[in-house]
Amino acid sequence: MTDLNQYNFAYLDEQTKRMIRRALLKALAIPGYQVPFASREMPMPYGWGTGGVQVSAACLTPEDRFKVIDQGADDTTNAVSIRKFFERTAGVETTERTAEATVIQTRHRIPEEPLGEGQILVYQVPIPEPLRFLEPRETETRKMHALEEYGLMHVKLYEDIARHGKIATSYAYPVKVQGRYVMDPSPIPKFDNPKMEMAAIQLFGAGREQRIYAVPPYTSVVSLDFEDHPFEASKVDQPCALCGAGDTYLDEVIMDDEGGRMFVCSDTDYCATRRAEGHLGALGVPAEDSAA
Amino acid sequence: MYVAVKGGERAIDNAHSWLAEERRGDTAIAELSVGQIREQLALAVNRVMAEGSLYDPDLAALAIKQARGDLIEAIFLIRAYRTTLPRIGHSRPLGTGAMACDRRISATFKDAPGGQVLGPTFDYTHRLLEFRLAADGAVPPTAEAEPQQGPVPHITGFLNRDGLIEEETASDEPPRDLTREPLEFPASRALRLQALARGDEGFVLSMAYSTQRGYGRNHPFVGELRVGQVAVEMDIPELGFAVEIGEITLTECETVNQFKGSKTEPPQFTRGYGLTLGHTERKAISMALVDRALRWKELGEDNVGAPAQDEEFVLSHADNIQATGFLEHIKLPHYVDFQSELELVRKLRAEAGQAGEART
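Just so it is clear, the structure is predicted and the values come from calculations on it, not from any experiment. (Residues numbered from 1 in each chain as written. Chains lettered and ligands numbered in written order. Predicted model: local features only at pLDDT ≥ 70, side-chain atom pairs only at ≥ 80, totals over all residues.)

**What to know about the overall build of chain B**
Here comes step 1: A count of helical and extended segments in chain B gives 13 helices and four strands.
Here comes step 2: Projecting the C-alpha coordinates of chain B onto the three principal axes gives extents of approximately 85 × 65 × 55 Å.
Here comes step 3: A buried classification covers 32% of the 360 residues belonging to chain B.
Here comes step 4: A fraction of 64% describes how many contacts in chain B between residues 6 or more apart in sequence connect residues 24 or more apart. (Helix = DSSP H or I, 4+ residues; strand = E, 2+ residues; numbered from the N terminus. Buried ≥ 20, exposed ≤ 12 C-beta atoms within 10 Å, placed from the backbone. Contact = placed C-beta atoms within 7 Å.)

Take a look at the structure:
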């Protein structure tokens, strides 16, 4: 890409944005329902966030402040790449601060800091169909959703319990939205599932699979479970080694050849903010001394 | 001490400039021009145009140069460019009967009106490396004949006159555009053909090959294969008539397939159809075989469960840009998901260990 000035604001042409916005409105009107949309070929590969990028492009206005995270971090390569794309094509302000962002595009995480009204969280979705690995055919799964026929999913979860004593799904854990559609929350760890009942708008874009779906603010999002095997949002039983937080999702970092490891917040902004406020973990250093 | 992995931005910039350097290769060797690629790697250019769904040899050649010869990467560049182009309108349906054929062969008839024209083909070359080419690419002049004038009738038309081959149902319904609407199943034949025309040559070839080996066998004859130039005409509303806006090279393949008849159809020959941009005949033939295999339902044939008969399977996996993107995305960081899997496996192992101790 050489001269991006020849492209429209936020890359997509207005007709395409209108098409996507229509799909978004429909998705918000039917929470959890997968709306087919004419996904465009983007200048980044399918599977690398093209759905999220198209949704973000359709939502962004020149006044927005945009944040991109991948694995909870602002500085992972693909997050950097997507943020740069919108800096160049939309010229919008970008930020790493969750609270300051109006549109947040994410892959695999929900920020730790609760989101508020007026914020939009855009998820990148690889496989939007929660039933796909039980039934590979789209013609069949659409029928199952239409008939609210989710027995297959419950059987799968039951078989997990029978075999392993617990539900052996740790990410992309299926949820039921507003008591109707079973939905794939995208590959976020199940730790994040309870956060999905939030004040912000949640939009999901699957570019390659040509689907958009949404969860409006304050919508019920229930992780599937059984009465005697209730859903559990699990994480490592450790505090963050840098900021000492005990209630955040942690990444395991291998430190040496002898199996030494530490656990740190996957949400880099949250961790840095806490350290700036003076919270320190076992291996943490005050924010101003950090080389990073 | 843990140091956060910062500097993704600088890493990306440096990777890009290293890539540019690698693309250029040894600067002591002359740089390839786009014109050289267009003229001397024409079949690569054709494949990029066909699967990129954009007829522009210069841009395709540029894409190949930029992609360091990785054709799928080049197709990707063309697709990403194509999607930004405004749609001014659409052409009239192309009349391939009026094609100025460079090549036209039929395997079903020894001769036919219009004749057999072998054209520039690898078909009867001996695949021996020509070491001379490494030193000297000059070619002796080729014999020339007067170009044929007038339309070249389609061979399947002769069969059609006798009712021996199924009648193609005519329709004036404008076909839907795969690149502007989401693909939904079941797809019409027009949509299936669109998807196959831009599908990966290797994938479509393998699907076609599988039908030949018995997975949904539909015994094809190449009724006709033609390659040549066709005029593109467009209705200009302000003028009230169609204007020729250019000429493109196409490859068209019509297969004639055995058909013993079904509950609904009498015994007759049936058709498979392939049409691709540029001279891309392996792709066009493959496309025709897969098209025919996918038509089992409308012809009242049995679905024998062959992959090539499965519309969802074929159309969902034919696009190499979708496939390569999703395949290669597993290079992206997945450590959050991996972490949750790690915890789960540790927990399951711990519980299995406890259960084991309890038993002993």
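**Comments concerning the sheet that holds strand S9 (residues 211-215) of chain A**
All names here are of chain A.
Here comes step 1: Read across the open sheet, the seven strands follow the order S1-S9-S8-S5-S4-S2-S3; overall the sheet is mixed. The open sheet has two edge strands, strand S1 (35-36) and strand S3 (93-94), and neither has a second partner.
Here comes step 2: Both strand S4 (residues 103-107) and strand S5 (residues 120-124) contribute to a ladder of four bridges, which runs parallel. Across the sheet, residue glutamine 105 finds its bridge partner in S5, namely valine 122. (Pairing = 2+ DSSP bridges.)

**Concerning helix H3 (residues 42-52) of chain B**
Residues and elements named next belong to chain B.
Here comes step 1: Across the eleven residues of H3, eight count as buried, placing the element largely inside the fold.
Here comes step 2: Every buried residue belonging to H3 is among Val45, Asn46, Arg47, Val48, Met49, Ala50, Glu51 and Gly52, and all of these are buried.
Here comes step 3: One or two steps after H3, the chain reaches serine 53, where phi turns positive at roughly 55 degrees.

**Description of the interface of chain B and chain A**
Here comes step 1: At the junction of the two partners, chain B supplies 40 residues and chain A supplies 49 residues.
Here comes step 2: Residue assignment for the side of chain B that touches chain A shows that the elements contributing at least two residues are helix H1 (8-24), helix H5 (71-82), helix H12 (320-328) and helix H13 (335-359) of chain B.
Here comes step 3: The element that contributes the greatest number of residues to the side of chain B that touches chain A is H13(B), accounting for eleven residues.

**Things to note about the environment of A:Thr106**
Here comes step 1: With respect to the helices and strands, A:Thr106 occurs in strand S4.
Here comes step 2: Overall, the presence of 24 C-beta atoms within 10 Å leaves A:Thr106 in the buried class.

**Describing the pairing of S5(A)**
Residues and elements named next belong to chain A.
Here comes step 1: Of all five residues in S5, five are buried, a share of seventy percent or more.
Here comes step 2: Residues Ile120, Val122 and Gln124 line one face of S5 and the alternating positions Leu121 and Tyr123 line the opposite face, and both faces are buried.
Here comes step 3: In this structure, S5 lies alongside strand S8 (residues 201-206), joined through five bridges in parallel fashion. Counterpart to glutamine 124 in the pairing with S8 is glycine 205.

**Brief notes about the domain arrangement of chain B**
All names here are of chain B.
Here comes step 1: Per the domain assignment, the segments of chain B are domain 1 (2-82), domain 2 (96-318) and domain 3 (329-359).
Here comes step 2: Its C-alpha centre places domain 1 at a distance of 29 Å from the equivalent point of domain 2.
Here comes step 3: Between domain 1 and domain 2, the contact holds eight residues from the first and ten residues from the second.
Here comes step 4: Grouping the amino acids of the side of domain 1 that touches domain 2 by side-chain chemistry returns four nonpolar, two polar and two charged. (Domains from an automatic or database assignment. Nonpolar A, V, L, I, M, F, W, Y, C, P; charged D, E, K, R; others polar.)

**A short note on the pairing of S4(A)**
Residues and elements named next belong to chain A.
Here comes step 1: Along S4, five of the five residues are buried, which leaves the element largely enclosed by surrounding structure.
Here comes step 2: Across the two faces of S4 the burial is the same, with Val103, Gln105 and Arg107 and Ile104 and Thr106 all buried.
Here comes step 3: Summarising the sheet, strand S2 (residues 65-70) and S4 pair through five bridges and their orientation is parallel. Each residue of the ladder has a partner; that of lysine 67, found in S4, is isoleucine 104.

**Observations concerning unusual backbone geometry**
Here comes step 1: The peptide bond linking B:Phe185 to B:Pro186 adopts the cis configuration, its omega dihedral lying at -5 degrees.
Here comes step 2: A positive phi is found at A:Ala10, a non-glycine position, where the angle reads about 60 degrees.
Here comes step 3: Summarising the element assignment, A:Ala10 is placed in the segment before helix H1 (14-29).
Here comes step 4: A count of 24 C-beta atoms within 10 Å places A:Ala10 in the buried class.
Here comes step 5: You will see that A:Glu148, though not glycine, has its phi angle at about 55 degrees, which is positive.
Here comes step 6: Mapping A:Glu148 onto the fold places it in the loop between helix H4 (138-146) and helix H5 (151-164).

**Observations regarding H1(A)**
Residue and element names in this part refer to chain A.
Here comes step 1: With 16 residues, H1 extends 22 Å from end C-alpha to end C-alpha; this agrees with the ideal 22 Å at 1.5 Å per step.
Here comes step 2: Three or more residues of H1 are buried, namely Thr16, Lys17, Met19, Ile20, Ala23, Leu24, Ala27 and Leu28.
Here comes step 3: Residues of H1 that are buried sit in contact with S1, helix H2 (50-59), S8 and S9. (Expected span 1.5 Å × (residues − 1).)

**A look at the nonpolar core**
Here comes step 1: Ranked by internal contacts, the top residues of the largest apolar core, which has 59 residues, are A:Leu24, A:Leu60, A:Val122 and A:Ile212.
Here comes step 2: Sort the elements by how many residues they give to this core and H1(A) lands first, with six residues.
Here comes step 3: For A:Leu60, the contacting residues outside a window of four places in its chain are A:Ala10, A:Phe66, A:Phe86, A:Ala90, A:Val92 and A:Val103.
Here comes step 4: In this structure, B:Met49, B:Leu59, B:Ala61 and B:Val152 belong to the second largest nonpolar core, which totals 55 residues. (Core = buried A, V, L, I, M, F, W, Y, C linked by C-beta atoms within 7 Å.)

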